[in-house]
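Take a look at the letters that make up each chain.
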Amino acid sequence: MSLEHDHSAPGKDDLIAARVKALEAILVEKGLIGSDAIDYMSSVYENEVGPQLGAKVTARAWVDADFKARLLADATAACKELGIGGMQGEEMIVLENTDEVHNIVVCTLCSCYPWPVLGLPPNWYKYPAYRSRAVRDPRGVMAEFGFELPESVEIRVWDSSAELRYWVLPERPEGTDGFTEEQLAALVTRDSLIGVTAALSPDAVTAEV
Amino acid sequence: MERISSRPQPETRSRVDSLVDVLPFGDRIPRRSGDVAFDHSWEIRAFSMTVALHEELGFPWEEFQRALIEAIRTWESQQTDLDQWSYYERWMAALEQLARSKGWATRDEVDARAAEILALPANYMHQHAVREPVAVVAGGDR
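Residues numbered from 1 in each chain as written. Chains lettered and ligands numbered in written order. Predicted model: local features only at pLDDT ≥ 70, side-chain atom pairs only at ≥ 80, totals over all residues.

An unreviewed UniProt entry annotates chain B as Nitrile hydratase accessory protein of Pseudonocardia benzenivorans.

Keep this limit in mind: UniProt positions are given in the numbering used here, feature names are shortened, and annotations may be inferred rather than shown by experiment.
Named according to an unreviewed UniProt entry, chain A is nitrile hydratase originating from Pseudonocardia dioxanivorans. Taken directly from UniProt, the Sequence similarities (unreviewed entry) text for chain A runs: "Belongs to the nitrile hydratase subunit alpha family."

What follows is the structure, given as structure tokens:
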């Protein structure tokens, strides 16, 4: 394998990713397997790939107002401060949830997703049902995830693309004064970083203090 | 899929865990906090495709285990730099081998389709940055 990084040529991961896609497409076309069966199996471990990094960044932003300001101004650079990179020049924007505005992210065409921060996208992120309903009825989608957003809150739906990927900075939950960053990070779920839910409340997590 | 938020059955999880437990070279499976972990989306896709094929088509898991052992040995015999090791690259080689021996897909078929996929730019349908919300639902009392 060449050590040179040539942007015009596909890398080793692109080549093997293409073979995986190719094999799946062939097997599906031949009727040997359904994509839904593969989706279902990948859902078993998809959470284990989860948003540990996004949770860490979020917890830092909750305790450090200067960091939060930098994160909202330039998410790629702020993540780099914490040693999180790999976005390959793609722009990343973090959207702050407040009492008045709740953000939710969707990729209306495919499944553009800031995976170096959030891990692998959940299967539902690429389902047409999520893509269309998040735009048409975001409150209904949140309700499906068990999240009842007050009617008074404005919802903004953002479209992630290959060039510009969004993720959400959830609100810091009530009752977390004095929590360490590690304790706070445990409250941040992948779903809350996509915006389909809020961060967990401390009551929902077994306290291990 | 009826609900966007649907989750896999708990018994599926333990079934898949038990398949992982008997994989060859299990100590080399990438893990985080004890759980099977993936660094790239193609890795989990290759993994789940194999498990789904096993469940749907009912071929014995031992056949995949043998193919994986073979793929790992072949690779190691050809390499001088063993640091380049990737469990899921060997996994994919084993799955392709299994697909050939079962008559599911030939090497030519996979080569040709992969070339087509590579000819398309990544996210070719979705390059442009969208800087405004695509929808806003105003808050307020109703």
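### Structural notes on the overall build of chain B
Here is the rule: In DSSP terms, a helix is any run of H or I states spanning at least four residues, a strand is any run of E spanning at least two, and both are numbered starting from the N terminus. Remark: C-beta atoms are placed from the backbone, and a residue is labelled buried if 20 or more other C-beta atoms sit within 10 Å of its own, exposed if 12 or fewer do, or partly exposed between those counts. The contact criterion used is a C-beta to C-beta distance within 7 Å, with each C-beta placed from the backbone.
When its secondary structure is counted, chain B shows five helices and three strands. Counting only residues that meet the buried cut, chain B has 26% of its 142 residues in that class. Excluding contacts between residues fewer than 6 apart, the proportion of contacts in chain B whose partners are at least 24 apart in sequence is 57%.

### Brief notes about the environment of Ala59(A)
Residues and elements named next belong to chain A. Mapped onto the fold, Ala-59 is located in helix α3 (residues 52-63). By C-beta crowding, Ala-59 is classed as buried, having 23 other C-beta atoms within 10 Å. In the structure, Ala-59 is positioned 110 residues away from Leu-169 in sequence and 9.5 Å away in space, judged by C-alpha atoms. Excluding anything up to four places from it in sequence, Ala-59 contacts Glu-181, Leu-184, Ala-185 and Val-188.

### Points about the interface of chain B and chain A
Stated precisely, the cut-off is as follows: Gly counts as polar in this scheme, as do all residues outside two lists: the nonpolar Ala, Val, Leu, Ile, Met, Phe, Trp, Tyr, Cys and Pro, and the charged Asp, Glu, Lys and Arg. Any two strands between which DSSP finds at least two bridges are classified as paired.
Taken together, the contact pairs 59 residues of chain B with 62 residues of chain A. No other element matches the twelve residues that helix α2 (residues 41-57) of chain B contributes to the side of chain B that touches chain A. Residue classes in the side of chain B that touches chain A are distributed as 34 nonpolar, twelve polar and 13 charged. By the bridge criterion, three bridges tie strand β3 (residues 154-159) of chain A to strand β3 (residues 135-137) of chain B in an arrangement that is antiparallel. The residue of β3(B) that forms the bridge with Val157(A) is Ala135(B).

### Here we look at the packing of helix α1 (residues 12-29) of chain A against helix α4 (residues 87-102) of chain B
Definition in use: Axis geometry follows a simple rule: fit a line to the C-alpha atoms, using only the stretch in contact for helices, then measure angles between N-to-C directions, giving values from 0 to 180 degrees. Note on convention: the crossing is left-handed when the near helix lies turned anticlockwise from the far helix by less than a right angle, right-handed when the turn is clockwise.
With their axes 11 Å apart at the nearest point, α1(A) and α4(B) run at an angle of 35 degrees to one another. Along this stretch, α1(A) crosses α4(B), giving a crossing that reads as left-handed. In this structure, α1(A) contributes Ile16(A), Arg19(A), Val20(A) and Leu23(A) to the contact, and α4(B) contributes Glu89(B), Met92(B), Leu95(B), Glu96(B) and Ala99(B). When grouped by side-chain class, the residues that make up the contact of α1(A) with α4(B) number six nonpolar, no polar and three charged.

### Looking at the sheet that holds strand β2 (residues 101-106) of chain A
In spatial order, the strands read β2(A)-β3(A)-β3(B); together these three strands make up an open sheet with mixed pairing. Lying at the two open borders of the sheet, with one neighbouring strand each, are β2 of chain A together with β3 of chain B. Neighbour to neighbour, the strand axes of the sheet diverge by 20 degrees on average, direction disregarded. Packed on one face of the sheet, helix α7 (residues 128-136) of chain A meets β2 and β3 of chain A together with β3 of chain B and runs near 155 degrees to β2(A).

### So, α4(B)
Defined as follows: Expected span of a helix: the number of residues minus one, times 1.5 Å.
End to end, α4(B) covers 22 Å across 16 residues, agreeing with the expected 22 Å (1.5 Å per residue, within 8%). Of all the residues in α4(B), the buried ones are Tyr88(B), Glu89(B), Arg90(B), Trp91(B), Met92(B), Ala93(B), Ala94(B), Leu95(B), Glu96(B), Leu98(B) and Ala99(B). As for α4(B), its buried residues are in contact with α1 of chain A together with α2, α3 (61-78) and α5 (107-119) of chain B.

### What to know about the nonpolar core
Where we set the bar: Think of a nonpolar core as buried Ala, Val, Leu, Ile, Met, Phe, Trp, Tyr and Cys residues, each tied to the set through C-beta atoms within 7 Å.
Counting residues in hydrophobic clusters, the biggest one holds 44 residues, and the most contacted among them are Ala75(A), Ile104(A), Val105(A), Val106(A), Trp167(A) and Val188(A). Contacts of Ala75(A), omitting those with residues within four sequence positions, involve Met92(A), Ile93(A) and Val94(A). One finds Tyr45(A), Ala46(B), Met49(B) and Ala114(B) within the second-largest nonpolar core, a separate group that totals 40 residues.

### Some remarks on the environment of Arg133(A)
All names here are of chain A. Relative to the assigned elements, Arg-133 resides in helix α7. Put simply, Arg-133 and Val-106 are 27 residues apart on the chain and 9.7 Å apart in space, counted from C-alpha to C-alpha. Ignoring anything within four residues of it in the chain, the contact list for Arg-133 reads Gly-140 and Val-141.

### Focus on the confidence of the model for chain A
Where we set the bar: pLDDT: the predictor's confidence for each residue, scored from 0 to 100.
Of the residues in chain A, 85% have a pLDDT of 70 or more, and the chain-wide mean is 85. The low-confidence segment residues 1-7 of chain A, where pLDDT is below 50, has two contacts with residues more than four positions distant or belonging to other chains.

### Let's talk about the packing of α2(B) against α4(B)
Residues and elements named next belong to chain B. Cut-off, in case you're wondering: Just so you know how the angles are binned, under 35 degrees is roughly parallel, over 145 roughly antiparallel, 65 to 115 roughly perpendicular, and the rest oblique.
Packing of α2 against α4 leaves a shortest axis separation of 10 Å and a crossing angle of 40 degrees. Relative to α4, the element α2 lies oblique. The handedness of the crossing between α2 and α4 comes out as left-handed. Here Glu-43, Ala-46, Phe-47, Met-49 and Thr-50 of α2 lie close against α4, whose contacting residues are Tyr-88, Trp-91, Met-92 and Leu-95. For the contact of α2 with α4, a count of residues per class yields seven nonpolar, one polar and one charged.

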